[in-house]
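The residues making up each chain are set out below.
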Amino acid sequence: MKQNLPLNQAILTVEQLDKEYPFVDLLLDAGFKHVFGRQKNKDILIAFLNQIIPDRTIVDLTYNQNEQIPDNIESKASRFDLYCTTDDGSRIIVELQRKEQHDYIHRSLYYSSLPIAEQVRIGNETYMFSHIYIVNILNFTLKETAHREQVLSAFRYKEIEDNTLLTDRITHIFVELPKFKKKLEEIDKENVQDIFYFCLRNLKDLKTIPDSLDTEIAQRIFTASAVAAMTTQEKMYYIDNMNTERDIRNQIQFAADKGREEGLKKGLEEGKKEGREEGLKRGREEERKLMASKLKAMGVGIDVIIESSGLTREEVEKL
């Protein structure tokens, strides 16, 4: 795999970034964390979470260490995009997933177990733990929720037949951005949820701040996302992340193209092989029919013709 380019050897220059990209791509890891993962911008994250988390109003939150080290050295360490504790002790994990992957639901389930273990491990002698929210921001649609038109889905553990809630302590939230299809002119600026969805999907393509989005939270997002306000080091880190993403896309495209080429080559080879086999098969059939025709013309009994040629009685009678 190609190594990431050093920060001082990025393909895109800082000058080009300033000129071509007024706002960061919020679906790029570096862009998302630049806006949502910084202490000075936590009001933006709080506003977003209060729009999508049910039954709870967050007043304040603290950013936690985002890497979870398991007790068992053989277990896998996990690094979250964002991991926060709210003013009431609730844990919130925010994961941004740009590309579809297998078993994503199971990944979300696994992540929910880590803050449970963390809370029990630190001295809680009972199995009571604070509320846990796993927020998954997805740039693809889950097959499990493909039947739903809503961008936002929230799941808890319930009884299968009568829908009785087992516990409200664990909530899995999925924001499927491809389901949000509103254009700028369709956005109601009083709908904060739509503003966040629109910015997550489209901010990177904007050249200027839209006049129609003049609300306080929209202006906060634009200000925090402005490339011009980034330091040179922040810009270089962002550029490196863009190049890494470009490399990954190119590798995926190359693998897809290579797979198609190999598949086509294999298909042609199999086709030729099947063609040869089909030709031989037809040749043998014609040979048997010709032999049977000659035997029939000579007055040989039909049973003998069937035994000699391998044809069926019906086939011989049609000759």
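Let us look at the structure shown here. (Residues numbered from 1 in each chain as written. Predicted model: local features only at pLDDT ≥ 70, side-chain atom pairs only at ≥ 80, totals over all residues. Heavy atoms only, no water.)

So, the packing of helix α3 (residues 42-52) against helix α6 (residues 216-225)
Point 1. The geometry of α3 relative to α6 is characterised by a closest axis approach of 10 Å and an angle of 135° between their N-to-C directions. One element, α3, and the other, α6, form an angle in the oblique class. Of the two elements, α3 crosses α6, and the hand of that crossing is left-handed. Listed contacts from α6 to Asp-43, Ile-44 and Ala-47 of α3 are Ile-217, Arg-220, Ile-221 and Ala-224.
Point 2. For the contact of α3 with α6, a count of residues per class yields five nonpolar, no polar and two charged. (Axes fitted to C-alpha atoms, helices over the stretch in contact; angles between N-to-C directions. Helix = DSSP H or I, 4+ residues; strand = E, 2+ residues; numbered from the N terminus. Parallel < 35°, antiparallel > 145°, perpendicular 65-115°, else oblique. Left-handed = near helix turned anticlockwise from the far one by under 90°. Contact = heavy atoms within 4.5 Å. Nonpolar A, V, L, I, M, F, W, Y, C, P; charged D, E, K, R; others polar.)

Quick word on the side chain of Ser-112
Point 1. Along the chain, the position of Ser-112 falls in helix α4 (residues 104-121).
Point 2. A distance of 2.6 Å separates the side chain of Ser-112 from the backbone oxygen of Leu-109, its partner in a polar contact.
Point 3. Once residues lying within four places of it in the same chain are set aside, the contact partners of Ser-112 are Ile-132, Ile-134, Tyr-157, Ile-170 and His-172. (Polar contact = N/O pair within 3.5 Å; in protein donor to acceptor, adjacent residues only side chain to side chain.)

Here's the deal with the layout of surface pockets
Point 1. Of the pockets and cavities examined, the second largest pocket occupies roughly 240 Å³.
Point 2. Forming the walls of the second largest pocket are 13 residues, and the residues nearest its centre are Ile-105, Leu-109, Phe-155, His-172 and Phe-174.
Point 3. Looking at the lining of the second largest pocket, the elements that each hand over two or more residues are α4, β7 (152-158) and β8 (165-176).
Point 4. In terms of residue class, the lining of the second largest pocket is made up of six nonpolar, four polar and three charged. (1 Å grid on protein atoms, 1.4 Å probe; cavity = no way out; pocket = protein on both sides within 12 Å on 5 of 7 lines; lining within 4 Å. Points joined across faces, edges and corners; volume = space filled by probe spheres on them.)

Details of the pattern of salt bridges
Point 1. Applying the stated rule across the entire model yields 16 salt bridges.
Point 2. Asp-25 is the partner of Arg-98 in a salt bridge, and the nearest nitrogen-oxygen pair spans 3.2 Å. Pair noted here: Arg-98 is in the loop between β5 (91-97) and α4 and Asp-25 is in the loop between α1 (14-20) and α2 (29-36), with a separation of 73 residues, a long-range link.
Point 3. For Arg-98, a relative accessible area of 23% puts it in the partly exposed group.
Point 4. For Asp-25, a relative accessible area of 8% gives the class buried. (Salt bridge = Lys/Arg side-chain N within 4 Å of Asp/Glu carboxyl O. Buried < 20%, exposed > 50% of the residue type's maximum accessible area, 1.4 Å probe, protein only.)

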